[in-house]
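Results of the structural survey
As a plain string of letters, each chain reads:
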Amino acid sequence: MDGLPVTLRLHILLRVAAAAAVLGVAASCSAGTGGGSGGTTSSAKETATLVPTTPVTAEISQFRDNYSKQIIEIQLTNTTGAPLTVLGAELTSPLFAAPITWPARTGGIELPPGQTKSLPAPLPAPECGAPSPAPSGPGAASGTDAGTAFVALRLAVPQGAAQQGPAQQGTVQQGTVQQGTLPPPADATAAAADPFGVLARNNSEMCLTREASAVAAVALAPNLEVAADGRTAVVRLLIQPRAASGPGAGSAGGLVIDRVEETTLLAEAPQAPWPHSLTLRAGGPPAEVRLGIRPARCDPHAVAEDKVGTLLPLRVRVAGREGVLKIDAGSRLRGRIYDFVTKACGRQ
């Protein structure tokens, strides 16, 4: 085997290790302790096997509780028969100005054979470009070619992954990742599938937010005004227009809030209806919009399982873009809304 090219030799070694694990062969362990000089023993005693080809598949997702945090998941699946250690992962996409990097922990993370693990990665600034007149779908990124995303990986196989533990009726004891047992990392690249349009959706939302914030800062006040009967309440949308001149003054057409949309947790209360077609312009006076709310649902899981119910969606248009601007309630108001919904539902 020493006469074979390095890539082919390593590939054969990896396949031999996987086959030995499945069949429960204990010959490599016994030969290693007996000090034999056969070819199989020499392979099993190598410090570690580097990964010469792409041994994983990659997919992009996003957990609901990370929507407001602009954090995505790089999901990696080990397609080999041996454990891998992911030491680093960096996703590149034309939709973002910089690589999307998983902040790797010390020593990386082990990826067992056939298993998928999710690596959280914060999104950098988006590439916005010129908005398209007619986006092709809900996940389309206006004015920017979605292209293909690729993930660059730093991988290694832990020492002992190809060895079987004490004879246990065909059971394989996988090697563990310990400090000092990893070889120099190997590079691998895989195309990252994005079946749900996560990158395009985030790009579109972040570009919309950038254009809107150039016109006015929009936020929710931390206080909640609860009605005397406890069945409805009022949240206040605070609007602070930017300066009318200078850098970042915003679009000449202004920011138009076409409507406020309901959430999985909050619905419109008739006592304080939500506004429509509200136009904001840079240089204008500060404004406050009162929004009457009531519980949108009162099943037992409404608050306990909430992820996005306190992200207030504003359907807006600005600088040729249109979409949903999500206003986060913040921790103080979020807690007060949860308390209000729980008590209001108890009165029904």
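Just above, that's the structure.
Our subject in this report is the structure included herewith. Everything numeric here is computed off the predicted structure, so don't read it as measured data.

What counts, and where the lines are drawn
- Residues numbered from 1 in each chain as written.
- Predicted model: local features only at pLDDT ≥ 70, side-chain atom pairs only at ≥ 80, totals over all residues.
- Heavy atoms only, no water.
- Helix = DSSP H or I, 4+ residues; strand = E, 2+ residues; numbered from the N terminus.
- Buried < 20%, exposed > 50% of the residue type's maximum accessible area, 1.4 Å probe, protein only.
- Contact = heavy atoms within 4.5 Å.
- Areas by Shrake-Rupley, 256 points an atom, 1.4 Å probe, with all protein chains shown as cover.
- 1 Å grid on protein atoms, 1.4 Å probe; cavity = no way out; pocket = protein on both sides within 12 Å on 5 of 7 lines; lining within 4 Å.
- Points joined across faces, edges and corners; volume = space filled by probe spheres on them.
- Nonpolar A, V, L, I, M, F, W, Y, C, P; charged D, E, K, R; others polar.
- Phe/Tyr/Trp six-rings, centres within 6.5 Å; stacked < 30°, edge-to-face > 60°.
- Lys NZ or Arg CZ within 6 Å of the ring centre and 35° of its normal.
- Pairing = 2+ DSSP bridges.
- Axes fitted to C-alpha atoms, helices over the stretch in contact; angles between N-to-C directions.
- Expected span 1.5 Å × (residues − 1).
- Disulfide = S-S within 2.5 Å.
- Core = buried A, V, L, I, M, F, W, Y, C linked by side-chain atoms within 4.5 Å.

Quick notes on the overall build of the protein
Along its length, the protein carries six helices and 17 strands. Burial statistics for the protein: of 348 residues in total, 41% are counted as buried. Considering only intrachain contacts with a sequence separation of at least 6, the fraction spanning at least 24 residues in the protein is 72%. Split by element, the accessible area of the protein, about 17400 Å² in all, is 53% carbon and sulfur.

Points about empty space enclosed by the protein
For the structure on display, the rule yields three cavities of 30 Å³ or more. By volume, the largest cavity is sized at about 50 Å³. Taken together, Leu-220, Val-235, Leu-266, Thr-310, Leu-311, Leu-312 and Ile-337 form the lining of the largest cavity. Split by residue class, the lining of the largest cavity holds six nonpolar, one polar and no charged.

Regarding the packing of aromatic side chains
Taken as a whole and assessed by the stated rule, the structure comprises zero aromatic pairs. The residue whose ring lies beneath Arg-201 is Tyr-67, and the NZ or CZ to ring-centre distance is 4.6 Å.

Regarding the sheet that holds strand S12 (residues 255–260)
In any sheet, the strands associate via hydrogen bonds between backbone groups, in a parallel or an antiparallel arrangement. Pairing in this open sheet of four strands is antiparallel, and the strands run S14-S12-S16-S17 from one edge to the other. Two strands in the sheet have a free side with no partner beyond their single neighbour: strand S14 (276–280) and strand S17 (321–328). The mean angle between the axes of side-by-side strands here comes to 30 degrees, regardless of whether they run parallel or antiparallel. Along the sheet face, helix H4 (residues 198–215) touches S12, S14, strand S16 (311–318) and S17 and points at about 80 degrees away from the line of S17.

Examining the pairing of S17
Pairing of S16 with S17, which is carried by eight bridges, proceeds in the antiparallel orientation. What sits directly across from Pro-313, in S17, is Lys-326.

As for the environment of Ala-190
Relative to the assigned elements, Ala-190 resides in strand S8 (residues 186–193). The sequence separation of Ala-190 and Thr-57 amounts to 133 residues, and the corresponding C-alpha distance is 6.5 Å.

As for H4
Across its 18 residues, H4 extends 26 Å between first and last C-alpha, which sits within 8% of the 26 Å expected from 1.5 Å per residue. The element H4 is extensively covered by neighbouring structure, given that 13 of its 18 residues are classed as buried.

A closer look at the state of the cysteines
In the structure shown here, the tally under the stated rule is two disulfides. Two residues share a disulfide in this structure: Cys-128 and Cys-207, whose sulfurs sit 2.2 Å from each other. Looking down the S-S bond of the Cys-128 and Cys-207 bridge, the torsion is -100 degrees, so its handedness is left-handed. Taken together, the positions of Cys-128 in the loop between strand S6 (116–122) and strand S7 (149–156) and Cys-207 in helix H4 put the pair 79 residues apart, joining distant regions of the chain.

A few points about the environment of Pro-270
With respect to the helices and strands, the residue Pro-270 is situated in the loop between strand S13 (266–268) and S14. With relative accessibility at 67%, the residue Pro-270 sits in the exposed group.

Details of the nonpolar core
One finds Leu-220, Leu-237, Leu-291, Ile-293, Leu-312, Leu-314 and Ile-327 to be the most contacted residues of the largest nonpolar core, which totals 35 residues. Among the elements of the structure, H4, strand S9 (216–220), strand S11 (233–241), S12, strand S15 (287–295), S16, S17 and helix H6 (330–346) are those that each provide at least two residues to this core. The residues contacting Leu-237, other than those within four sequence positions of it, are Val-218, Ala-219, Leu-220, Ala-287, Glu-288, Val-289, Leu-291, Leu-312, Leu-314 and Ile-327. Listed in part, the 30 residues of the second largest apolar core include Val-86, Ile-100, Leu-155 and Ala-200.

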